[in-house]
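# Per-entry structural report
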Number of protein chains: 2
Amino acid sequence: MLEERIRFKSLMDKVTDPDTACRHIQDGTNVFISGFTAGYPKLIPKALVRRAEAGERFKINLFAGASTGDAVDGVLAQAGLVAWRRPYMSNRIMRKAINQARIRFKDDHLSRLSAQVRDGGLGEAHVAVVEAAGITEKGHLIPTMSVGNTPTYVREAQKIIIEISSEPTALEGIHDIYIPEDPPYRMPIPIYRAGDRIGKPFIEMDPDKVVAILSSQEEDSCAVFNKPGEAPRKIAEHILDFVAHEIRKDRMPPGLPWQSGVGDVANAVLSGFVEDDFFQCIDIYSEVLQDAVLDLIDLGKVKAASGSAMTLSHRARERFFNELYRYREKIVLRPVEISNSPEVVRRLGVIAINTAIEVDIYGQVNSTHLMGSQLMNGIGGSGDFIRNGAVSFIVTPSTAKGGKISAIVPMVSHVDHSEHSVDVVVTEYGLVDTRPLTPRQVAEAVIKKCAHPDYRDLLWDYYQRAIRTSGGHEPHILSDAFAFHERYMATGDMRVG
Amino acid sequence: MLEERIRFKSLMDKVTDPDTACRHIQDGTNVFISGFTAGYPKLIPKALVRRAEAGERFKINLFAGASTGDAVDGVLAQAGLVAWRRPYMSNRIMRKAINQARIRFKDDHLSRLSAQVRDGGLGEAHVAVVEAAGITEKGHLIPTMSVGNTPTYVREAQKIIIEISSEPTALEGIHDIYIPEDPPYRMPIPIYRAGDRIGKPFIEMDPDKVVAILSSQEEDSCAVFNKPGEAPRKIAEHILDFVAHEIRKDRMPPGLPWQSGVGDVANAVLSGFVEDDFFQCIDIYSEVLQDAVLDLIDLGKVKAASGSAMTLSHRARERFFNELYRYREKIVLRPVEISNSPEVVRRLGVIAINTAIEVDIYGQVNSTHLMGSQLMNGIGGSGDFIRNGAVSFIVTPSTAKGGKISAIVPMVSHVDHSEHSVDVVVTEYGLVDTRPLTPRQVAEAVIKKCAHPDYRDLLWDYYQRAIRTSGGHEPHILSDAFAFHERYMATGDMRVG
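Let me sum up the structure you'll find in this document. (Residues numbered from 1 in each chain as written. Chains lettered and ligands numbered in written order. Predicted model: local features only at pLDDT ≥ 70, side-chain atom pairs only at ≥ 80, totals over all residues. Heavy atoms only, no water.)

## Remarks on the overall build of chain A
Tallying secondary structure elements over chain A gives 18 helices and 26 strands in all. Relative to the compact-globule value of 23 Å for 497 residues, chain A shows a C-alpha radius of gyration of 23 Å, a close match. Intrachain contacts of chain A at a sequence separation of at least 6 include 73% that bridge at least 24 residues. Accessible surface, chain A as shown: approximately 16,800 Å² in total, 49% of it carbon and sulfur. Taking the 58 positively charged and 65 negatively charged side chains of chain A as two groups, their mean positions are separated by 2 Å. (Helix = DSSP H or I, 4+ residues; strand = E, 2+ residues; numbered from the N terminus. Rg over C-alpha atoms; globule rule 2.2 N^0.38 Å. Contact = heavy atoms within 4.5 Å. Areas by Shrake-Rupley, 256 points an atom, 1.4 Å probe, with all protein chains shown as cover. Lys, Arg positive; Asp, Glu negative; His and termini not counted. Charge placed at Lys NZ, Arg CZ, Asp CG, Glu CD.)

## Quick word on the pairing of strand 16 (residues 351-355) of chain A
Residue and element names in this part refer to chain A. Within strand 16, 4 of the 5 residues are buried, leaving the element largely enclosed by the surrounding structure. In this structure, strand 10 (residues 258-260) lies alongside strand 16, joined through 3 bridges in parallel fashion. Bridged to Gln 259 within strand 16 is Ala 352. In this sheet, strand 21 (residues 391-395) lies alongside strand 16 in parallel orientation, the contact comprising 5 bridges. Across the sheet, residue Ile 351 finds its bridge partner in strand 21, namely Val 391. (Buried < 20%, exposed > 50% of the residue type's maximum accessible area, 1.4 Å probe, protein only. Pairing = 2+ DSSP bridges.)

## Section: the nonpolar core
Of all hydrophobic cores here, the largest spans 74 residues; its most connected members are Ile 361 of chain A together with Ile 361 of chain B. At the level of secondary structure, the elements contributing two or more residues to this core comprise strand 24 (408-409), helix 16 (439-449), helix 17 (453-469) and helix 18 (483-491) of chain A together with strand 24 (408-409), helix 16 (439-449), helix 17 (453-469) and helix 18 (483-491) of chain B. In contact with Ile 361 of chain A, other than residues within four places in its own chain, are Ile 408, Val 409, Pro 410, Val 442, Ala 443, Val 446, Ile 447, Leu 459, Tyr 462 and Tyr 463 of chain A. (Core = buried A, V, L, I, M, F, W, Y, C linked by side-chain atoms within 4.5 Å.)

## Digging into the relation of the copies chain A and chain B
You can overlay chain A on chain B at an RMSD of 0.0 Å; the transform is a turn of 180 degrees with a shift of 0.0 Å along its axis. Seen this way, the second copy is the image of the first under a two-fold rotation axis. Among all residues of chain A, the minimum C-alpha distance to the rotation axis is found for Glu 343 of chain A, at 1.9 Å. A high fraction, 100%, of the interface residues of chain A reappear at the interface in chain B, so the copies pair face to face through one surface. (Least-squares fit on C-alpha atoms with pLDDT ≥ 70 in both.)

## Observations regarding the sheet that holds strand 3 (residues 82-86) of chain A
Residue and element names in this part refer to chain A. As summarised here, the arrangement of the 7 strands in space is 4-3-2-1-5-8-9, forming an open sheet in which the pairing is parallel. The sheet is open, and its two edges are formed by strand 4 (104-105) and strand 9 (210-215), each paired on a single side. Direction of pairing for strand 2 (residues 60-63) relative to strand 3: parallel, over a ladder of 4 bridges. Note on strand 3: the bridge partner recorded for Phe 63 is Arg 86.

## Some remarks on helix 4 (residues 70-78) of chain B
Listed in full, the buried residues belonging to helix 4 of chain B are Val 72, Asp 73, Gly 74, Leu 76 and Ala 77 of chain B. Two residues or fewer past helix 4 of chain B, Gly 80 of chain B is found with a positive phi of approximately 70 degrees.

## A look at the packing of helix 8 (residues 230-248) of chain B against helix 9 (residues 264-271) of chain B
Residue and element names in this part refer to chain B. Packing of helix 8 against helix 9 leaves a shortest axis separation of 8 Å and a crossing angle of 50 degrees. When the axes of helix 8 and helix 9 are compared, the pair comes out oblique. Crossing angle aside, the handedness with which helix 8 passes helix 9 is right-handed. Residue-level inspection shows Pro 232, Ile 235, Ala 236 and Ile 239 of helix 8 in contact with helix 9, the latter providing Val 265, Ala 268 and Val 269. Across the contact of helix 8 with helix 9, the residue classes break down as 7 nonpolar, no polar and no charged. (Axes fitted to C-alpha atoms, helices over the stretch in contact; angles between N-to-C directions. Parallel < 35°, antiparallel > 145°, perpendicular 65-115°, else oblique. Left-handed = near helix turned anticlockwise from the far one by under 90°. Nonpolar A, V, L, I, M, F, W, Y, C, P; charged D, E, K, R; others polar.)

## As for the pattern of salt bridges
Residue and element names in this part refer to chain A. All chains considered together, the criterion is met by 68 salt bridges over all chains. Among the ionic pairs, Arg 118 bridges to Asp 182, the shortest N-O distance being 2.7 Å. Residue Arg 118 is located in helix 6 (residues 113-118), and its partner Asp 182 is located in the loop between strand 8 (159-164) and strand 9; the two are separated by 64 residues in the primary sequence. The exposure class of Asp 182 is partly exposed, given its relative accessible area of 22%. A salt bridge links Arg 155 to Glu 156; the shortest N-O distance between them is 3.7 Å. Judged by its relative accessible area of 44%, Arg 155 is partly exposed. For Glu 156, a relative accessible area of 28% translates into the label partly exposed. Through salt bridges with shared partners, one network takes in Asp 295, Asp 298, Arg 319, Glu 323 and Arg 326. (Salt bridge = Lys/Arg side-chain N within 4 Å of Asp/Glu carboxyl O.)

## Focus: the sheet that holds strand 18 (residues 365-366) of chain A
Residue and element names in this part refer to chain A. Taken in spatial order, the 3 strands line up as 18-17-24 in an open sheet, and their pairing is mixed. Of all strands in the sheet, those with a lone pairing partner are strand 18 and strand 24, marking the two edges. As defined by bridge partners, strand 17 (residues 358-360) adjoins strand 24 across 2 bridges and the pair is classed as parallel. Within the sheet, the bridge partner assigned to Asp 360 lies in strand 24 and is Val 409.

## Concerning the pairing of strand 2 of chain A
Side chains of strand 2 of chain A alternate between two faces, with Ile 60 and Leu 62 of chain A and Asn 61 and Phe 63 of chain A buried alike. Following the backbone out of strand 1 (residues 30-33) of chain A, through helix 3 (residues 43-53) of chain A and into the adjacent parallel strand 2 of chain A, one traces a crossover that is right-handed. (Right-handed = clockwise from strand over helix to strand, strands pointing away.)

Take a look at the structure:
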């Protein structure tokens, strides 16, 4: 079994067990792992935890493609083994440690991290730990369900540990690996259509740097996608209606590719295409591909789907693996610096759909911090797509916590994306195209069309008082701008008791 | 004189006077003008004002490349003739009208506006009014001191009014006009080095759309650059030292091109190269080229300087016009969608230097609004460069208004650029590279190294209280975050009595 997957035979000598392999990782080691919601190593983290449980005291600096599963971020944070983590995470235990400043975290635009690693900005790349479906005859790596930053990590690493996964070898060929030259000598990234392949189907690797190979039977933890609720379905409807209308009015060309963020709402938006008649066949140029993409491929509604990773539910995963030969023709997995490249996103004219924690009446967006201070997950690739897409949608259900939190607030408590980069605000109640509007017109429309009815009077009251007391291009009352948040922190409800 | 400049002879018939020409502009006309700090039409605005003074009541919607001089934004705002203005302005009278909501204004990323005009997002392009140095034998336009959005305006306009300037005809050849195809069929923008020429030295024009040609003796109003004060000189020193150090440590490649924003501080930063020994010869890939660029060319320190416009002092302008043959070899003026293109900026790895109104302890940047509500000038191209540059510097003197305003605040009152896009914060006191730091580390360093000593204790006190009361990844006290601003609005001083 392992022999078949390690086609570069001299590397068979490096096969060992996790406990031996993980000795290459010591206190202070910079560990660069594969993984971008999926495709992360599963054995080495566990072995590190065993050492911690046996009383060894050490901390590593952990860099991945984006988030990983509980099997990495969760167990390592739990065991107190992480000093630094970049560039993104979505794990409950790790989040808590980051918010308590027990783990150092910096929230990076995903498109930039590989270049920062290449220029040494994250320190020496001591050890790369990567999951692979196999090793080619020439000693190159075949990734699994994600690419992320792995090509750069493998190139820069001093030592490489490989976990050979038991996932289908038929994954070979789905990846397109291209590391751009760094400035000032970079040439154009030659992607002209979402499905273009510009690189190699494997990650180039110097086999001499491989210090250990492990055989893994572990699987990625699967995503759980809830059947789209009322709000996400409405949001999807608003977006599809709007884009179809813009195309019919000749204000948007047909054929722009779609990007949709990560999670339930994003999945629901793409699911909206299933029953839509206007969009016959779309291109997807996104970051993470989820279940809805497979559904659309099955319906013949996808020309090509490009991403850096696949996050599938258990059922979709089975379906995907069973018919890989078919899906592989439509799906391309790329390094995240290519899937999220400002150059390519702007060139293709991506229609970007990203979720927010909260949006304010002027269209400023908070994607990362609850109540201004507590990190939720991170900015991920949202900035890459929002800032450079042809049209950027920000979507959120109008309320959270059973209505106690309004996602539309007078002023967001943290800003990740400014109004200048955000084109259209969407909740289940409606949609506002901010592009032809002044900030004041945006405020009036967002309050009337997007806010939950429970909050419209409160928001309107703030806005009117702001006009009277401050005036200006974007009227705000600084002493009252966070009244919603302060009320929530005091009473557990943003509504006035 | 005019005959020499209008080489497409049949257009001589269109020569007329401003009062006749401006009859093509009526109430509700969308007027798309040339101009990007320089190169704006001077006669038509005055003629419009004369009509207003004679009692005619009408309003136009005014779109330019960026800001224009008093001769456009000033006089038209004063006369109450502007209903809408986009995408940027820096005029005192117009600013006041915008802040009082008497003129509608939307603040756009400059790199995006041309595409929005082409897809009809700004309405029909009724009339283009453009300043030109001449008209070629084939009926194409030779721009003057800026390109901005003019190529797209000329292409989309139903009618074109041309003001033939008396500026040197030797400007011909300095421009490089390239309008990219729009998505989804755009190809790479083939700029690989700052000085590459990829287009034509004129703006293609359909001569049949020309309705009037005027002969103009008016000049652009000149910039006034103060001799760099202590703060800008220190800021320049910090930046040059830092970049030289990064290059020596092999964390940054040599040869990355430089961008520097508009104004005194930005000019001072480039002036810093004059006496610097480390940087022998640089590339400039910027938006507006100012006096310092000519100084550096004279010293043989510039390989190529690319921008969308030139803003020169009176003396520099004379020098430039006298030796155009020499400067023309080094300088390229491009459409702003190319000078500010995310694709090109990321590819070349531009070192971006932009100024801020205020920066907060975590590196969030306010470029546009005073005290959260009052628009200053606009975002301009800062977002284009900050978000996509290889390294982004945000620079500001540590205080304003004689020390009464701190440019470093607990929380900025408006966010244009998020901490994720900002790499290095610089004041005259020092510089913080935020890239390897957590938000808390950034706060500590910015307070200690960048804040003015008068404000360090106040900032430190806020930060410590925020850690104690809110904690989190980016500790903030929402009820106290704007205390500096509130104090200033109440007492005229951010310092405690």
